[in-house]
Amino acid sequence: MNVLLTGGCGYIGSHVAVVLMSEGHDAVIVDNLSNSRREVVDHIAQIVGRPPTFYQGDVGEFEFIRDVIRRHRIDSVIHLAGFKSVGESVQRPLQYYQNNVCGALGLLHAMEAESVSSLVFSSSATIYGDPQYLPVDEAHPQHVINAYGRSKLHIEDMLRDICISRPSLGVICLRYFNPVGAHPSGLIGDRPNGIPNNLMPYVVQVACGERDFLSVFGGDYRTPDGTGVRDYIHVMDLAEGHVAALNYLSTNNGWHAFNVGTGRGYSVLEMIRAFEGESGRAIPYKITARREGDVACSYADIRAAALELNWKATRSLEDMCSSAWRFQSRLSKA
Ligand code: NAD
Ligand code: UDP
């Protein structure tokens, strides 16, 4: 299959590229490198043994995307390109709607013009808001409280409308929980610019001495140890979930949404302990105030993905921590 991967130089996209290409598919990456580096393309090639096709450009540019689709006879699209920082989206909502929603619109127009009828979209568990029950299933009420979450929900809703008007179209919205970890080679991984917002990249930077300590946001949640609980999923499992989604779309059309998690939650303190165990480094931390907008506990009901996509995460928490540490150790040495 010829697959267009938007945002394929990013953290998740690079892992999806590796899994896709390792299974014999051809990956055509479009990325404007606004949050990634060109060298990722070489690292993908090093892992897989052949290079992906790469275009530096914006996913919202209709003529450009249409040309890429036509030139490479694209069968399916995996749309990962977008901005992803919740905090930044509160400060700069216009940029988030412009890049995420208008970007998706440009891509969708180009797909329609070239009759591409299969799309996997990177959505997020953030669209569920504060869980009303656990585990969170796909029918859970949606409640977004920031521009990032709303941009994801708008795109999901747009896709639903488009599927009604174009019955031949097949769309899967994958609602990611908390992707962590890296490819076992340590060549690709999560490399945020500036101060990391997410837990794992911050922990990793504390472990290698780039930051003094971790601030644990809240120690008084109604969870077993008082710290926030999340459903962390290995990025390689997540990447394999995309291939399962594409396979499903080869025989199904219409609009679908699936949670992508492991179905179990770990607290911040459990994550720290697991990481210390794998890295052999101490992670100094201080319990600080809760972070605004955080929920106490969130983990996925994963039955729908298991049943429909025939896919389930298999990698352990230890794998998540050791691979993240391997990636950071390689970066620190470089
Ligand atoms: P990332 O920032 O590492 O990757 C996104 C990539 O898209 C980057 O390489 C960036 O340069 C590119 N990009 C952004 N806007 C673009 C545009 N207009 N045109 C072309 N390229 C563009 O992020 P990630 O963690 O790999 O996330 C991928 C997707 O998954 C995003 O849509 C994100 O919202 C979603 N998601 C991520 C998480 C997470 O925790 N990482 C959780 C839920 C959902
Ligand atoms: N967290 C933390 N310190 C940090 C970053 C995150 O204590 O520096 C906590 C956060 O409060 C949440 C968990 O770690 O309970 C996961 O946060 P992350 O930002 O990685 O993911 P999300 O908030 O999107 O679930």
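Here the structure is shown first, and the text comes after it.
Computed from a prediction, not measured in an experiment: that's the story for all the values here.

Caption draft 1: Structural context of the packing of aromatic side chains. Inspection of the entire model under this criterion finds five aromatic pairs. The interplanar angle of 55° and the centroid separation of 5.4 Å between the aromatic rings of Phe-83 and Tyr-96 together place this pair among those described as tilted. On the criterion of sequence distance, the pair formed by Phe-83 in the loop between strand E4 (76-79) and helix H4 (86-91) and Tyr-96 in helix H5 (residues 93-113) is long-range, its members being 13 residues apart. A residue is classified by how much of its surface remains accessible, and Phe-83, at 24% relative accessible area, is partly exposed. One Lys or Arg, Lys-286, reaches over the ring of Phe-213 and ends 4.0 Å from the middle of that ring.

Caption draft 2: The site of ligand 2, seen in detail. The full set close to ligand 2 counts 14 residues, and Leu-199, Ser-215, Arg-230, Arg-291 and Asp-294 are the nearest of them. At a separation of 2.6 Å, an oxygen atom of ligand 2 approaches a polar side-chain atom of Asp-294. Burial of ligand 2 by the protein amounts to 86% of the accessible area it has alone, namely 520 Å². A class-by-class count of the residues in the shell around ligand 2 yields six nonpolar, five polar and three charged.

Caption draft 3: Focus on the pairing of strand E5 (residues 118-124). Burial within E5 is extensive, with seven of its seven residues counted as buried. Going residue by residue along E5, you find Ser-118, Val-120, Ser-122 and Ser-124 tucked away on one face and Leu-119, Phe-121 and Ser-123 tucked away on the opposite face as well. In terms of strand pairing, E4 meets E5 through three bridges, oriented parallel. Opposite Ile-78, over in E5, you have Val-120 as the bridge partner. Alignment of E5 against strand E6 (residues 170-176), held across seven bridges, turns out to be parallel. If you follow Val-120 over to E6, its bridge partner there is Ile-172. In this fold, E5 hands off to helix H6 (residues 147-165), which returns the chain to E6; that crossover is right-handed.

Caption draft 4: Local environment of the site of ligand 1. Taken together, 26 residues are adjacent to ligand 1, and Asp-31, Asn-35, Ser-36, Asn-99 and Tyr-148 come closest. Measuring from an oxygen atom of ligand 1, one finds a backbone N or O atom of Leu-80 at 2.8 Å. In this structure, an oxygen atom belonging to ligand 1 sits 2.7 Å away from a side-chain N or O atom of Tyr-148. Contact with the protein chains covers 95% of the free accessible surface of ligand 1, which is 820 Å². For the shell around ligand 1, the secondary-structure elements that each account for two or more residues are helix H1 (11-22), E5 and H6. Tallying contributions element by element places E5 first for the shell around ligand 1, with three residues. Broken down by class, the residue content of the shell around ligand 1 amounts to ten nonpolar, twelve polar and four charged.

Caption draft 5: Broad picture of the side chain of Glu-138. Considering the arrangement of structural elements, one finds Glu-138 in the loop between E5 and H6. Within the buried set, Glu-138 has no salt-bridge partner at all; the shortest N-O distance to an opposite charge, 6.5 Å, is to Arg-175. Setting aside residues up to four positions removed in sequence, Glu-138 forms contacts with Tyr-128, Arg-175, Ala-257, Phe-258, Asn-259, Asp-301 and Ala-304.

Caption draft 6: Up close: the pairing of strand E1 (residues 2-6). Of all five residues making up E1, four are buried, and the element is well covered by its neighbours. Bridge count for E1 against strand E2 (residues 26-31) is five bridges, and the pairing is parallel. Each bridged residue has a counterpart across the sheet, and for Leu-5 the counterpart in E2 is Ile-29. Where the polypeptide runs from E1 across H1 and back to E2, its parallel neighbour, the crossover connection is right-handed. Across four bridges, E1 lies against E4 in parallel orientation. Residue pairing in the sheet places Leu-5 in a bridge with Ile-78 of E4.

Caption draft 7: The nonpolar core, seen in detail. Core analysis: the largest hydrophobic core is formed by 41 residues, its most contacted members being Leu-5, Ile-78, Leu-174 and Leu-309. Of all elements in the fold, only E1, H1, E2, helix H2 (39-48), E6, helix H8 (235-249), strand E11 (254-260) and helix H10 (303-309) reach the threshold of two or more residues within this core. A total of ten residues in this core trace back to one element, the largest contributor, which is H8. When near neighbours in sequence (up to four residues on either side) are disregarded, Ile-78 contacts Val-3, Leu-4, Leu-5, Thr-6, Val-16, Leu-20, Val-120, His-242 and Leu-246. In this structure, Val-30, Leu-107, Met-111 and Val-171 belong to the second largest nonpolar core, which totals 29 residues.

Rules behind the numbers
- Residue numbers restart at each chain and count upward from 1, following the sequence in its written direction.
- Numbering of ligands from 1 and lettering of chains from A proceed in the order in which they are written.
- Confidence filtering applies because this is a predicted model: local features only for residues at pLDDT of at least 70, side-chain atom pairs given and counted only at 80 or more, and all residues used for totals across whole chains, interfaces and linings.
- Heavy atoms from the whole structure form the basis of all side-chain values; hydrogens and water molecules are not counted.
- Each Phe, Tyr or Trp ring, with Trp reduced to its six-membered ring, pairs with another whose centre is within 6.5 Å; inter-plane angles below 30 degrees give stacked pairs, above 60 give edge-to-face pairs, and intermediate values give tilted ones.
- Secondary structure counts use DSSP, requiring at least four H or I residues in a row for a helix and at least two E residues in a row for a strand, with both numbered from the N terminus.
- The buried label goes to any residue with under 20% of its type's maximum accessible area, the exposed label to any with over 50%, and the partly exposed label to all in between, with areas taken from a 1.4 Å probe on protein chains only.
- Counted as over-ring charges are cases with an Arg CZ or a Lys NZ within 6 Å of the ring centre that also lie within 35 degrees of the ring normal.
- Near is defined per residue: the residue qualifies when any heavy atom it owns lies within 4 Å of the molecule or strand.
- For the purposes of these results, a polar contact is taken to be a pair of N or O atoms within 3.5 Å, where, inside protein, one atom must be able to donate a hydrogen and its partner to accept one; residues adjacent in sequence count only when each atom of the pair is a side-chain atom.
- For accessible areas, the Shrake-Rupley method is used with a probe of radius 1.4 Å. Any residue's cover is judged against the shown protein chains and nothing else.
- Here the nonpolar group is Ala, Val, Leu, Ile, Met, Phe, Trp, Tyr, Cys and Pro; Asp, Glu, Lys and Arg are the charged ones; every other residue, Gly included, is treated as polar.
- Any two strands are treated as partners once DSSP identifies two or more bridges connecting them.
- With the strands pointing away from the viewer, any crossover whose connection runs clockwise from the first strand over the helix to the second is right-handed.
- His is not counted here, nor are the chain ends, while Lys and Arg score as positive and Asp and Glu score as negative.
- When a carboxyl oxygen of Asp or Glu lies within 4 Å of a side-chain nitrogen of Lys or Arg, that pair is called a salt bridge.
- By definition in these notes, contact holds between two residues if any of their heavy atoms fall within 4.5 Å.
- By nonpolar core is meant a set of buried Ala, Val, Leu, Ile, Met, Phe, Trp, Tyr and Cys residues that side-chain atoms within 4.5 Å join together.

Honestly, it's all geometry; don't read function into it.
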